[in-house]
Amino acid sequence: MTHGPLSGMKVLELAQIMAGPTCGAMLADLGADVVKVEKLPGGDDTRGYRVTSEKPIPPSFAMLNRNKRGLALDLKRPEGVAALKRLVAGADVLIENYRLGTMERLGVGYDTLREINPGLIYCSISGYGRTGPMAERGGFDLIAQGFAGIMSVTGEKGGPPLKSGNSVGDINAGLLATIGILAAYVERARTGQGQLVDTSLFEASLQQMYWFAAVYFSSGKVLGASGSAHPLIAPYQAFQAADQWITVGGANQSNWGRIAELLGHPEWKDDPRFRVGEQRKANEQALAELIGDIIRTQPAAYWLARFDEAGVPAGPVHDIAQILAHPQTLARDMVLDVSHPQEGRLQSLGLPVKLSGMPQGKASPPPLLGEHTRVVLAEFGFTPQETEALLACGAVSEPAEVDHA
C-alpha cells in the first residue's frame, strides 16, 4: 500500500495465525508499510492450514496477509536477533503475539528494543495480558471464549456450551491492538516517545460480554445461553419461515407495536404478558412460539418484504456463499480481488471501515515466505554483502524463485 492515512508508518509484524495478522492487515489497508517477519523454518502457521495442497499460498494465509511484504528471519540465531534490532531502529511499530517471556528470552523484549528506538510502539497480543497470575500462560481463541464466558451464553437454552462459530477473541484482539497502536501513534506525535500496547485474547473475549456483565453488576443474575435471542429484549431473534430462517428485531416499543400489527394480532400490544419490554422478555418463550407459528406459514421473501414495508428491521440468515455474493457486500467493496503472479486471482475480505479521503485501491498479493527479504533489508541499510552473509548462515531466507530484479 502506498496511499492512505498511515502512509509512512513502518510496521514489523512478528505475529502469526489471526490476532496479530488481523492488526497488521488493518494497518496495511490503511496505508502502513507492514513487513511480515516470519519465523524459520515454516513461517506463519496458517501457511499449513490448507484445504488443498496444490496452492503455494493457502487461502487462510492469503486472507490476512495482503498488502504486506515478507521477510523470513530465524530469531534463534544470534545473527537473526542482531538483524531484527537493526530493523527496529528504523521502525515505528512492532507487533508480536508470542507467549509472555518469549521475546525477552530471545533478547528482543520491549525493554531492550525501546533502548534501541525510544519512539517504538511495541504491541503485545497474548493469551491473558502481560500482568496478573495467568500472564505467562499461552492462549487460543477457543480457550479465551470459554474462560471469558462467551461459551456459557452461546448455543440453545439448556444445551452444552458452544464456541462462537467465528474466532471472536482473535479478531477482536487484532482490532483492539489496532486501536491501541493508533492511540500510541497519536501520542508519539505529541511527545516523540513510543510505548507498550498490551492486549489479550482474554480481554478481547471478555469485552464481548457487555450486556451479560451489565445484568450481573446490577442484579447478580447470571444469564445463560438463549439461542439467537437477545439477553435483554424480545422479540429479537431468528425465526423459521417456510423456506429458510430470518431474523426479526423488535428492539423497542414502537417496533414491537409494528410487529404485532403486521402479524395480525394487535391485541398482543395490550396482552399483560407482552405489553412492555420487561414483560416480553419474561415471557419470551411463549412469545417466540406465537410469532414462530405465524412466520413459518410463508416464505422468507414474503415476510421480509412486509417487515421492510412496515419499517421493522429484519433479514435473512445467510451462509458464507450467499453473503459474499450479495449486492450490498459488493457495493461496499467487501470482496477484494487480488492478483498474484503465481496464484492468479485471489479473493479476500475488504477493509470494513471507509474513509472519504482514501479511495479504495488495489491490494498487493500476500508474500511468499521471505519473498521481500532482500529488498526490505536493503531499505533498512543492509549492504548486499551483509544480506548474503545472513542468507548463507540461515538467519534469513528467501524463496528459490524470487525475482531479484
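The text that follows walks through the structure, step by step, so that each part is easy to find. Being a predicted model, the structure only gives us computed values, none of them experimental.

## Quick word on the overall build of the protein
Then, number 1: When its secondary structure is counted, the protein shows 17 helices and 12 strands.
Then, number 2: Dimensions of the protein along its principal axes, counting C-alpha atoms only, are 85 × 50 × 40 Å.
Then, number 3: Counting the 405 residues in the protein, one finds 45% classified as buried.
Then, number 4: Across the protein, the fraction of contacts at a sequence separation of at least 24, relative to all contacts at a separation of at least 6, is 68%.
Then, number 5: Looking at the protein as shown, the accessible area adds up to about 19,900 Å², and 57% of this sits on carbon and sulfur atoms.
Then, number 6: Positive and negative charge centroids in the protein, built from 36 and 43 side chains respectively, lie 2 Å apart.

## Considerations on the pattern of salt bridges
Then, number 1: Counted under the stated rule, the structure contains 23 salt bridges.
Then, number 2: Two residues, Lys 281 and Glu 284, come together in a salt bridge whose shortest N-O distance is 3.0 Å.
Then, number 3: Residues Asp 293 and Arg 296 are paired through a salt bridge, measuring 2.6 Å at the closest nitrogen-oxygen approach.
Then, number 4: The exposure class assigned to Asp 293 is partly exposed, which follows from its relative accessible area of 46%.

## Topic: the packing of aromatic side chains
Here the distance between the centres and the angle between the planes together describe a pair of aromatic rings.
Then, number 1: Counting across every chain of the model gives eight aromatic pairs.
Then, number 2: Ring centres of Tyr 128 and Phe 202 lie 6.3 Å apart, and the angle between their planes is 35 degrees; this geometry places the pair in the tilted category. Here Phe 202 lies in helix 8 (residues 201–206) and Tyr 128 lies in the loop between strand 5 (121–126) and helix 6 (141–147), a separation of 74 residues in the sequence.
Then, number 3: Judged by centre distance (6.3 Å) and plane angle (70 degrees), the ring pair of Trp 256 and Phe 274 falls under edge-to-face. Within this pair, whereas Trp 256 is found in helix 10 (residues 253–262), its partner Phe 274 is found in the loop between helix 10 and helix 11 (277–282), the two being separated by 18 residues in sequence. Here the two residues Trp 256 and Phe 274 agree in accessibility, since each one is buried.
Then, number 4: Among the aromatic residues, ring-to-ring pairing joins Tyr 128, Phe 147 and Phe 202 into one connected group.
Then, number 5: The ring centre of Phe 382 lies 3.8 Å from the NZ or CZ of Arg 86, which sits over that ring.

Rules used throughout
- Residues numbered from 1 in each chain as written.
- Predicted model: local features only at pLDDT ≥ 70, side-chain atom pairs only at ≥ 80, totals over all residues.
- Heavy atoms only, no water.
- Helix = DSSP H or I, 4+ residues; strand = E, 2+ residues; numbered from the N terminus.
- Buried < 20%, exposed > 50% of the residue type's maximum accessible area, 1.4 Å probe, protein only.
- Contact = heavy atoms within 4.5 Å.
- Areas by Shrake-Rupley, 256 points an atom, 1.4 Å probe, with all protein chains shown as cover.
- Lys, Arg positive; Asp, Glu negative; His and termini not counted.
- Charge placed at Lys NZ, Arg CZ, Asp CG, Glu CD.
- Salt bridge = Lys/Arg side-chain N within 4 Å of Asp/Glu carboxyl O.
- Phe/Tyr/Trp six-rings, centres within 6.5 Å; stacked < 30°, edge-to-face > 60°.
- Lys NZ or Arg CZ within 6 Å of the ring centre and 35° of its normal.

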